[in-house]
Amino acid sequence: MPKNSKVTQREHSNEHVTESVADLLALEEPVDYKQSVLNVAGETGGRQKAAEEELDAEDRPAWNSKLQYILAQIGFSVGLGNIWRFPYLCQKNGGGAYLVPYLVLLIIIGIPLFFLELAVGQRIRRGSIGVWHYVCPRLGGIGFSSCIVCLFVGLYYNVIIGWSVFYFFKSFQYPLPWSECPVIRNGTTAVVEPECEKSSATTYFWYREALDISNSISESGGLNWKMTLCLLVAWSIVGMAVVKGIQSSGKVMYFSSLFPYVVLACFLVRGLLLRGAVDGILHMFTPKLDKMLDPQVWREAATQVFFALGLGFGGVIAFSSYNKQDNNCHFDAALVSFINFFTSVLATLVVFAVLGFKANIMNEKCVVENAEKILGYLNSNVLSRDLIPPHVNFSHLTTKDYSEMYNVIMTVKEKQFSALGLDPCLLEDELDKSVQGTGLAFIAFTEAMTHFPASPFWSVMFFLMLINLGLGSMIGTMAGITTPIIDTFKVPKEIFTVGCCVFAFFVGLLFVQRSGNYFVTMFDDYSATLPLTVIVILENIAVAWIYGTKKFMQELTEMLGFRPYRFYFYMWKFVSPLFMAVLTTASIIQLGVSPPGYSAWIKEEAAERYLYFPNWAMALLITLIAVATLPIPVVFILRHFHLLSDGSNTLSVSYKKGRMMKDISNLEENDETRFILSKVPSEAPSPMPTHRSYLGPGSTSPLETSGNPNGRYGSGYLLASTPESEL
């Protein structure tokens, strides 16, 4: 520091300092931060710690390009849920009517909170643990909860990738192995497998050949060795993709994020050329307006928004932490949200075009089977030929002719009609058959592809697309685990990442036993939903109510170079917390009113039956939810009673040549003009100073005097480009 500087003169004087921080900043000449780190708290380790964190921030990896970063965020947010959960929810919740609550919640909750996570991650340049520790130390447990939820989701999500790997390798044969039921030969007698005959070829292959599923969650049945190998392959792929951090995963994203769109485009063109595709699309977009008033529909739409954008997982924060600080994250939030919604709609069009084709195939099959029944009744004189309209030709029977014949028989034989066992064979009934989640991809869609020309090719493309969609999401999920842990505890990146994959594989063996699919349902439908909702609402409260929305908006303005729309102020402050509080309450009530359960496949009946989780499974479920949310109250209590340091006693002043920061935490907006502001967005002050948001009872503001008799440097102003120096 120059000897003739005003700060140096005050240091060797007993005069009381009356100049403002602005005066000091105006007269001080910035010097290289590596050469000068001044500790104002009196701790011997403050200088070294601040310098180390500045160097760490400078050495932090960065994306090679903006495109690579955008593809990473798209790959994380666009996942398997866009392909099978969104279309299922549309089908279940009123077709086009479901788009209304989804869009409303995307605008008032999804985009604002996505923007919030991008902003705090980009400026603080840390994973979820570090970010929420800086924003509000007492709510630092949010980051740990995010890591646990990511672990839970990663455990079962990679199992689904393993299923896709199994189907991918099985697709290289013609005909496809799930196109026909297996035949059992006993000497000269050949009969169709009874379980397959009662259900369908694709259903049988999924439950018996792929999963070899047990009748209930209580029947383990041992490991399914085929799926165990596929799970090993899946974790090997993920491990290789993330072992080097963004240096390796960023390159993978070029393929894993773009390839699914190529496949979706091919399927859309192929699907629109199929007979009956228009029926499926019209059925999907025909709104059932009464569904828009159903609270359950809104609850499911909000949950889908959370999962679709990856809110609360920590992956969004982790990816944005590798950005330059002048990156326009507001544009990124709008772009990624739009692409995510567009992908969901595109996937829904593809699914319903293919399902419309399948519905027509199944409807024609129904007509043929029931026409054979009627012919049998005519030949045995159970029905009179006078009941058959004269223009009906059984050799070329149309669905319209069958419908007319069906209505005549039902009217004349009203009392005996039920004994005939005839089906109406309505196309609407086939289109209304909703298939949830994995069943949509591994049963309904695979069955439709068996009717495609060159079906193995389309099957290979479809399951390769699922693998890539799952890989993109898994990379973000792993980043939500590894980035905050590596940032916080400074563990070796490669060793820790490989260790996580190995650990997750062995825990994931739970999901590849014969009852494993039921555990996937438990984790997917229940263990992550409620904790995620709690995490997201606390993130919102930490920034909007504890840190302060006005300060946050002001500091976003300094970081981005422009002021975000006032819309975000009201969303963060009032609307989003209110809606999420209602959602949390509704989720808890839903668990109480409808006990958790799962769809079990009963081999003897060759059908699904809904079963409630047994007591031990309920205990496991409650434990999972408790473990995921427990870090939040634990950290809060420890820091409230000062049993765990929040780092507020290590405040330091750092200098970096050409860059200056200021602390405006306790100043009114009118006082902000007194400070010298950076003109370059990348050199703007940190929106998240280390501990100025909440210092606990009795703590002093960083701008108040430190209690030193000489009153020296009590202002605690900061000169650095990254908040790490504020420790």
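Residue positions are given per chain, counting from 1 as you read along its sequence in written order. Two thresholds apply to this predicted model, a pLDDT of at least 70 for residue-level local features and 80 or more for giving and counting side-chain atom pairs, whereas whole-chain, interface and lining totals are computed over all residues. Side-chain numbers come from the whole structure's heavy atoms, not from hydrogens or water.

An unreviewed UniProt entry annotates the protein chain as Transporter originating from Peromyscus maniculatus bairdii. As its UniProt record puts it under Sequence similarities (unreviewed entry), the protein chain is described as follows: "Belongs to the sodium:neurotransmitter symporter (SNF) (TC 2.A.22) family." UniProt positions are given in the numbering used here, feature names are shortened, and annotations may be inferred rather than shown by experiment. Check the Subcellular location (unreviewed entry) section of the UniProt entry for the protein chain; it says "Membrane".

Salt bridge, as used here: a side-chain nitrogen of Lys or Arg that lies within 4 Å of a carboxyl oxygen of Asp or Glu. Applying the stated criterion to the full structure yields 9 salt bridges. One salt bridge in this structure joins Asp487 and Arg60, with 3.0 Å as the shortest N-O distance. With Asp487 in helix 21 (residues 455–489) and Arg60 in the loop between helix 3 (46–58) and helix 4 (66–77), the pair connects residues that are 427 residues apart, well separated along the chain. When the shortest N-O distance is used, the salt bridge between Arg208 and Asp212 registers 3.3 Å. The classification of residues rests on relative accessible area computed with a 1.4 Å probe and restricted to protein chains. Under 20% of the type maximum is buried, over 50% is exposed, and intermediate values are partly exposed. Exposure remark for Arg208: the relative accessible area of 10% places this residue in the buried category. Among the residues examined, Asp212 registers a relative accessible area of 29% and is labelled partly exposed. Each of Glu195, Arg208, Asp212 and Arg514 takes part in salt bridges that share partners, so that together they form one network. Each helix is a run of H or I in the DSSP string that is no shorter than four residues. Each strand is a run of E no shorter than two, and both are numbered from the N terminus.

Moving on to the packing of aromatic side chains. Only the six-membered ring of Trp is used, alongside the rings of Phe and Tyr, when aromatic pairs are assigned; centres must lie within 6.5 Å, and planes under 30 degrees apart are stacked while those over 60 apart are edge-to-face, with the rest tilted. One pass over the structure, following the stated rule, counts 56 aromatic pairs. Relative to Trp458, the ring of Phe452 lies with its centre 6.2 Å away and its plane at 85°, an arrangement referred to as edge-to-face. Residue classification places Trp458 among the buried residues on the basis of a relative accessible area of 12%. Think of it as a cone above the ring: NZ of Lys or CZ of Arg counts as a charge over the ring if it is within 6 Å of the ring centre and within 35 degrees of the ring normal. In this structure, Arg566 is placed above the aromatic ring of Phe569, and the distance from its NZ or CZ to the ring centre is 4.5 Å. Directly above the aromatic system of Trp545 lies the positively charged group of Lys573, at a separation of 4.2 Å from the ring centroid.

Moving on, we get to unusual backbone geometry. Across the junction of Tyr174 and Pro175, the peptide omega takes the value -5°, indicating a cis bond. Here Pro175 shows up in the loop between helix 8 (141–170) and strand 2 (183–186). Its identity as a non-glycine residue notwithstanding, Arg125 has a phi of 60°, on the positive side. You can see Arg125 is positioned in the loop between helix 6 (99–124) and helix 7 (128–135). Classification of Arg125 as buried rests on a relative accessible area of 11%.

Turning next to the state of the cysteines. Cysteine sulfur atoms that come within 2.5 Å of each other are treated as a disulfide pair. According to the stated counting rule, one finds 2 disulfides in the structure shown. Across a sulfur-sulfur distance of 1.9 Å, Cys181 and Cys196 are joined as a disulfide pair. On the S-S bond that ties Cys181 to Cys196, the torsion sits near -80°, and the link is left-handed. Residue Cys181 is found in the loop between helix 8 and strand 2, and its partner Cys196 is found in helix 9 (residues 194–198); the two are separated by 15 residues along the sequence. Among the residues examined, Cys196 registers a relative accessible area of 1% and is labelled buried.

Turning our attention to the pairing of strand 3 (residues 189–192). When strand 2 meets strand 3, the two strands line up antiparallel, connected through 4 bridges. Its bridge partner being in strand 3, Ile184 is matched across the sheet by Val191. Paired strands, in this sense, are two strands between which DSSP finds at least two bridges. Here strand 2 hands over to strand 3 after 2 residues, with Gly187 in that stretch at a positive phi of 70°.

The next thing to look at is the UniProt feature "binding site: Na(+)" (unreviewed entry) in the protein chain. In this structure's numbering, the residues bearing the UniProt feature "binding site: Na(+)" (unreviewed entry) are Gly75, Val78, Asn82, Asn340, Leu469 and Ser473. Separation in sequence by 399 residues is not matched in space for these annotated residues, since their most distant C-alpha atoms are only 12.6 Å apart. Mapping Asn82 onto the fold places it in helix 5 (residues 80–92). It only takes one pair of heavy atoms within 4.5 Å for two residues to be counted as in contact. Among all residues touching Asn82, those that are not within four sequence positions of it are Ser77, Pro87, Asn340, Ser344 and Ala347.

Time to look at the nonpolar core. Nonpolar side chains tend to gather and get buried jointly when the protein is soluble and globular. In this structure, Trp132 and Trp572 are the most contacted members of the largest nonpolar core, which totals 178 residues. A total of 16 residues in this core trace back to one element, the largest contributor, which is helix 8. Apart from residues no more than four positions distant in its own chain, Trp132 is found in contact with Leu116, Val120, Pro137, Leu139, Gly140, Ile142, Gly143, Ile317, Glu539, Ala542 and Val543. We call a set of buried Ala, Val, Leu, Ile, Met, Phe, Trp, Tyr and Cys residues a nonpolar core when their side-chain atoms join them within 4.5 Å.

So, about the confidence of the model for the protein chain. Note: predicted coordinates in regions of low pLDDT should not be interpreted at a detailed level. Averaged over every residue, the pLDDT of the protein chain is 80; residues scoring 70 or more account for 80%. The pLDDT score gives, residue by residue, the confidence of the prediction method on a 0 to 100 scale. A low-confidence stretch, residues 1–55 stays under pLDDT 50, and its non-local contacts, those more than four residues away or across chains, total 94 contacts. Below pLDDT 50 for its whole length, residues 648–727 participates in 231 contacts with residues either more than four positions away or in separate chains.

By the secondary structure assignment, Ser320 is in helix 15 (residues 315–320). According to the relative accessible area criterion, Ser320 is buried, its value standing at 0%. Taking the C-alpha atoms as reference points, Ser320 and Arg126, 194 residues apart in sequence, are found 8.9 Å from one another. If sequence neighbours within four positions are ignored, Ser320 has contacts with Tyr69, Gln73, Glu117, Leu118, Gly121 and Gln122. Any pair of nitrogen or oxygen atoms within 3.5 Å is treated as a polar contact; in protein, a donor-acceptor pairing is required on top of that, and neighbouring residues in sequence qualify only through side-chain atoms on both sides. Only 3.4 Å separates the side chain of Ser320 from the backbone oxygen of Leu118, close enough to count as a polar contact. A distance of 3.0 Å separates the side chain of Ser320 from the backbone oxygen of Ile317, its partner in a polar contact.

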